[in-house]
Structure formats: C-alpha cells, structure tokens
Amino acid sequence: MTSDSIHGMWSSRLMFILAASGSAVGLGNIWRFPYVAGENGGGAFVIIYLICIFLIGIPIMVSEIVIGRFARKSPINAMATAASKSNASRKWQLVGWMGVVAGFMILSFYAVIAGWVLSYVFQLGSGVFVGISGESAEQIFKGFVGNVWEVLAWFTIFLAITVVISARGVSAGLEVAVKYLMPILFFLLVVLVIYAAVTSGHFLEGVNFLFSFNFEKLTWNSVLEAMGQAFFTLSLGMGAIMAYGAYMPKDASVIGTATMIALMDTGVALMSGLVIFPLVFANSLESSAGPGLMFITLPLAFGQMVGGQIFGCVFFVLVAFAAVTSAISLIEPAIAWLIEKLKTSRRVAALIVGVCVWLLGLGSVFSTNIWSDLFIFDEMTFLDSMDYVTNNIILPLGGIFIAIFAGWVLSSMILDSEMTLDGWFYPVWKFLARFIAPAAVAIVFFMALLQV
Ligand code: PFF
C-alpha cells in the first residue's frame, strides 16, 4: 500500500519528526515528570523511567508507526485493516477504540492543566511574582485553582484553540509553529538549567535527587508510575503516534526516527527536573508537592531573576504551545475516525470531539475547587483519577496489545516492507516487541496489583 492518507500527509520525514516530537514533548515533560518523580522519591524512579523509555517505549512507538503507516487510516480502522490483511480477527480494532476513549479522558484533564498554564502567562507578565517568597507563590497558586470560574474559562479557551487548530488540519501552519517553537523552548530550558545551576546553590542536591540509586524507596506502585509516565510522555498506547504515522512518508527509517523522538523527549524531561528540583531545595519547598509543583517553583525562580517578568511570561507561552501540539495529537485518532465513519468534514468532527471533551473536563475543572473533597479512588480527586487510570492502566494495556499485534500478528510481508531501511535494528526491535515489552508491562501490572 503506497497511497496517501485521505487526511493529508507530512511534507517530509523531518515534518513527521517535528509533529511527533510536538506530540511527545508537552506537559508530561515539564509539569508531570518532575512532580511524579518527586512524589516517588526521585533517583530510582528516574532510572526505571529511563529503562521503560528504551526497552518498552521505543519498541511500542515503532509498532505504532508501522501499523499506522501501513494502513494510512485512523487507529481504529488501521488496526482493522492491518489485522484483516494479516488474516487475523478484525476485533483487533478494539485496541483502537480503547485508544480513542483514553484520548478523551487524557485531554479532559490535560486541557485543564494547560488552562492553568495559560493563566500563568498573564500572571507572570503582570509581575505579581516579582521578588515573591515560596510561601506566597504557593498561596497564589492555591487561590487561582480554587476559583472555579477562572479555571473553567482558561480550560475552555485552551480547548477551543486545540479544536480550531485541529479543524484546520495538521497543516503547514502547525508544522511551521513546531519548527520554530520547539527550538526556542529547548533554548529557554537550557538557560533555566544554567540559572538553576549558578544561582540556586542547591544544584547538586537536585542532581542527586534525580539520579541517586535509592532503591529502598521504590515500591511496585512507583515502578508502575514510572512505566505509566514513560507511556504518557511518548504519547504511546492510545494511537496518537499511530495516527501521525499514517501521514508519514515511506522513505524514512522507523526505528531511527522513533529513537530520535524518544531522546529529544527524555532530554526535555530531565532538563525540567534539573530546573525544578534545585529551586525546590533552595526554597525549602516540598519535593512531593504534587501537581502544583511547577506552578510554584518556576514563578518563584522567574520572580528572582533579572528580566524574569518577561522571561517567565515567554516561558509559559512556550509551555502552552508544547501543550497545544500534544493536545491536537490526543484528539487526532477520534477526529480521523469520525471523518472516515461519518464522511463528514474535519470541522464538524473536531467540534463534536471538542464538546465531548469539554463536558468530561468539567470534572477536572471542579477538582481543585467545588469538588476538591470528592475522591474517586483513595485520596484521588476526579482529575487525579483520570490521570491515574489513563496513564497507569489504559496506556500500558493498549501498549501491550499494540506490541503483541505488531510482533506476533502482523504479517511478516507487511513488516518486511515497512522496515527495509532499519537493517539489524529490525530483529532487535522484533525481539523487544514480541517478548520484552509485553512481559515487562505484564509483570509490573501483576506486581503492583499484588501489592495493593
Ligand atoms: N506526550 C504528551 C506530554 O508528554 O505532554 C501527552 C500525550 C499526548 C499523551 C498524546 C498521550 C498522547 F496520545
């Protein structure tokens, strides 16, 4: 199958890399990675996370790209087509369905956090954080998320931006945006790492916290969290990369491309940690402060920096862009499927998806204010529960099925033709996809369950 997708195509391999990195690099790296690492004790968690990226994440990313690029359809139909061309049951499309549901659930809380980011663009720009103490930074954060109307408004604005961009198609506009914004984000992160290294006086403490092998603190539950974070940060297990793979040109090696994306993504996550933890220690904040961590430490740092008002404002703008380029990939599987199913326009499809996500997102909007005492699982608000269930259960489960499908079910004729450019990495990938990735996910699930 060499034809193009009806949804459009990336103009080159580079554009695919940019779009897929745009999907991967997002709130998961800058907001979620540091706080989840903090809650799970740091070092050992980070090591497990890195192992998961390389042994489980990259093989699954390759599997998603191969399936998507072969079928050139939405993940639901791509799974069905790939299965029937391999003489397997079309029921495999259920994996695509699971991904669409996960996409809705993730975006419903992702857009709420991205709304916080948007609000912080203006708060930093206004100068309220200039010269502020850690305690007051915490108070400003709590005051903001406690205000239901403000959170609702920013959430709605972010979702609307996402829907509008998706409705226009993943066009040159977006490709161009990613091309310029990602390098600037990278550059600003490097500046912040240097700032943290030079001025915080606690840089080594931060490094130690992130990289010391303190395995006593590690529980199976935190291993599950590390694995979930690896899936989330690489946008795996729900078909986002499969959808993007459907628009990828044939003349690119899959494994090389996937590895590059994973390395870039990991770099951004580690740098975020190296910015945030030295500041946490320098200001005697809690490393396990939870979802608010970034919203307290970063404004604090910017507030003490020369030119921090502008700098901080720009930084949050870039984080917001990183969030948008991830958000559009979260709804792409659902939109592409609706277009194929209803033969409707992209606009209508995007609007339908947007409204559904908005309704579901209300639960997360309320989680820090009127529903802050409502716990779904133990001690977890609606927002926390959405996050926990998708990252730690649905994405890894989707990932297992995708790896097993690509490794065992997909016909070798299809595989051979998709992987001609991958040389000896091809058998290595096959081994990881067939045995290591599914077994590792299964073991972590099983042990975490036993422990509860
Ligand atoms: N990878 C994104 C991030 O790290 O922020 C989040 C994400 C995007 C997860 C797309 C899943 C997905 F399909």
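Residues numbered from 1 in each chain as written. Predicted model: local features only at pLDDT ≥ 70, side-chain atom pairs only at ≥ 80, totals over all residues. Heavy atoms only, no water.

Novice: I'm lost on the overall build of the protein chain in this one. Help?
Specialist: Helix and strand counts for the protein chain come out as 18 helices and zero strands. Relative to the globule expectation of 22 Å for 452 residues, the C-alpha radius of gyration of the protein chain, 21 Å, shows essentially globular dimensions. Here the C-alpha coordinates of the protein chain stretch approximately 65 × 50 × 40 Å along the principal axes. Within the protein chain, counting contacts between residues at least 6 apart in sequence, those at least 24 apart form 82% of the total. Per element, the accessible surface of the protein chain, about 17,000 Å² overall, is 70% carbon and sulfur. When the 19 positive and 23 negative side-chain charges of the protein chain are each reduced to one mean point, those points stand 18 Å apart. (Helix = DSSP H or I, 4+ residues; strand = E, 2+ residues; numbered from the N terminus. Rg over C-alpha atoms; globule rule 2.2 N^0.38 Å. Contact = heavy atoms within 4.5 Å. Areas by Shrake-Rupley, 256 points an atom, 1.4 Å probe, with all protein chains shown as cover. Lys, Arg positive; Asp, Glu negative; His and termini not counted. Charge placed at Lys NZ, Arg CZ, Asp CG, Glu CD.)

Novice: What exactly am I supposed to notice about the side chain of Ser-5 here?
Specialist: Tracing the chain through its elements places Ser-5 in the segment before helix H1 (13–24). Judged by its relative accessible area of 8%, Ser-5 falls in the buried class. (Buried < 20%, exposed > 50% of the residue type's maximum accessible area, 1.4 Å probe, protein only.)

Novice: Can you help me understand helix H14 (residues 308–342) in this one?
Specialist: Along an α-helix, a turn takes 3.6 residues, which lines up residues three or four apart on a common side. Over its 35 residues, H14 runs 49 Å from end to end, which matches the ideal 51 Å to within 8%, given 1.5 Å per residue. Taking the largest bend as the criterion, H14 deviates by roughly 40°, centred on Glu-332, and proline Pro-333 comes between one and four positions later. A large share of H14 lies buried, amounting to 26 of its 35 residues. A positive phi of about 50° marks Lys-343, the residue just after H14. (Expected span 1.5 Å × (residues − 1). Bend = angle between axes of the 7 residues up to and from the residue.)

Novice: Please explain the packing of helix H3 (residues 43–71) against helix H10 (residues 220–233) as it appears in this structure.
Specialist: Between two packed helices, what matters for the description is the angle formed by their axes and the separation of those axes. Here H3 crosses H10 at 45°, and the two axes come no closer than 8 Å. In terms of orientation, H3 and H10 fall into the oblique class. For the pair H3 and H10, the sense of crossing is right-handed. Here Phe-45, Ile-48, Tyr-49, Cys-52, Ile-53, Ile-56 and Ile-60 of H3 come into contact with H10, specifically with Ser-222, Val-223, Glu-225, Ala-226, Met-227, Gln-229, Ala-230, Phe-231 and Thr-233. Of the residues that constitute the contact of H3 with H10, the class distribution is twelve nonpolar, three polar and one charged. (Axes fitted to C-alpha atoms, helices over the stretch in contact; angles between N-to-C directions. Parallel < 35°, antiparallel > 145°, perpendicular 65-115°, else oblique. Left-handed = near helix turned anticlockwise from the far one by under 90°. Nonpolar A, V, L, I, M, F, W, Y, C, P; charged D, E, K, R; others polar.)

Novice: What's the story with the packing of aromatic side chains in this structure? I'm lost.
Specialist: Note on aromatic pairs: each is described by the distance of the centres and the angle between the planes. What the rule picks out here adds up to 29 aromatic pairs. Judged by centre distance (6.2 Å) and plane angle (65°), the ring pair of Tyr-120 and Phe-144 falls under edge-to-face. Taken as a pair, Tyr-120 in helix H5 (residues 93–126) and Phe-144 in helix H6 (residues 134–145) lie far apart in primary sequence, 24 residues in all. Taking relative accessible area as the criterion, Tyr-120 reaches 0% and is therefore assigned buried. Arranged with centres 6.4 Å apart and planes meeting at 75°, the rings of Phe-302 and Phe-311 form a pair that is edge-to-face. Among the aromatic side chains, those forming a connected cluster through ring pairs are Trp-116, Tyr-120, Phe-129, Phe-141, Phe-144, Phe-295, Phe-302, Phe-311, Phe-315 and Phe-316. (Phe/Tyr/Trp six-rings, centres within 6.5 Å; stacked < 30°, edge-to-face > 60°.)

Novice: In this structure, what is going on with the nonpolar core? I would like to understand it.
Specialist: In a soluble, globular protein the nonpolar side chains are often hidden away together inside. One finds Ile-67, Met-294, Phe-295, Phe-315 and Phe-316 to be the most contacted residues of the largest nonpolar core, which totals 180 residues. Per-element tally for this core: the top contributor is H5, with 19 residues. Filtering out sequence-adjacent residues up to four positions away, Ile-67 remains in contact with Ala-78, Met-79, Ala-82, Met-242, Ile-402, Phe-405, Ala-406 and Leu-410. (Core = buried A, V, L, I, M, F, W, Y, C linked by side-chain atoms within 4.5 Å.)

Novice: What am I meant to see in the site of the ligand here?
Specialist: If you check the shell around the ligand, you find 15 residues, and the closest are Ala-24, Gly-28, Tyr-110, Phe-232 and Met-238. A distance of 2.9 Å separates an oxygen atom of the ligand from a polar atom in the backbone of Ala-24. Expressed as a share of its isolated accessible area of 340 Å², the protein-covered part of the ligand is 100%. Taking a 2 Å distance to the grid points as the criterion, the majority of the atoms of the ligand fall inside the largest cavity. Counting only elements with at least two residues in the shell around the ligand, the list comes to H1, helix H2 (27–39), H10 and H14. Counted by class, the shell around the ligand contains seven nonpolar, eight polar and no charged residues. (Near = heavy atom within 4 Å. Polar contact = N/O pair within 3.5 Å; in protein donor to acceptor, adjacent residues only side chain to side chain. 1 Å grid on protein atoms, 1.4 Å probe; cavity = no way out; pocket = protein on both sides within 12 Å on 5 of 7 lines; lining within 4 Å. Sits in = over half its atoms within 2 Å of the grid points.)

Novice: Help me understand empty space enclosed by the protein, please; the structure alone is not making it clear to me.
Specialist: A probe as big as a water molecule, rolled over the atoms, marks out the empty space that is left. Considering all chains together, one arrives at four cavities of 30 Å³ or more under this definition. Around the largest cavity, the lining is made up of 15 residues, and of these Ser-23, Phe-232, Ser-235, Ser-326 and Leu-330 lie nearest the centre. No other element matches the three residues that H14 contributes to the lining of the largest cavity. In terms of residue class, the lining of the largest cavity is made up of eight nonpolar, seven polar and no charged. As for the second largest cavity, its lining consists of Pro-75, Met-79, Val-95, Gly-96, Gly-237, Met-238, Gly-239, Met-242 and Ile-402. (Points joined across faces, edges and corners; volume = space filled by probe spheres on them.)

Novice: Which parts of the structure should I look at to understand the pattern of salt bridges?
Specialist: Close approach of charged atoms allows side chains of opposite charge to pair. Enumeration according to the criterion identifies five salt bridges in this entry. Measuring nitrogen to oxygen at the nearest pair gives 2.7 Å for the salt bridge that ties Glu-418 to Arg-69. Here Glu-418, found in helix H17 (residues 412–418), pairs with Arg-69, found in helix H3; they are 349 residues apart in sequence, far enough to count as distant. Across the pair Glu-418 and Lys-250 runs a salt bridge, and its minimum N-O distance is 2.5 Å. Of this pair, Glu-418 sits in helix H17 while Lys-250 sits in the loop between helix H11 (240–245) and helix H12 (254–282), and the two are 168 residues apart along the sequence. One network of salt bridges, in which partners are shared, links Arg-69, Lys-250 and Glu-418. (Salt bridge = Lys/Arg side-chain N within 4 Å of Asp/Glu carboxyl O.)

Novice: What exactly am I supposed to notice about the environment of His-202 here?
Specialist: Within the secondary structure, His-202 is located in the loop between helix H8 (172–199) and helix H9 (203–211). Each C-alpha atom, one on His-202 and one on Leu-362, is 39 Å from the other, the two residues being 160 residues apart in sequence.

Novice: Whenever I open this one, the side chain of Ser-329 confuses me. Can you help?
Specialist: For Ser-329, the location among the structural elements is in helix H14. Looking at Ser-329, its side chain comes within polar contact range of the side chain of Ser-23, at 2.8 Å. Setting aside chain neighbours within four positions, we find Ser-329 in contact with Ser-23, Ala-240 and Tyr-244.

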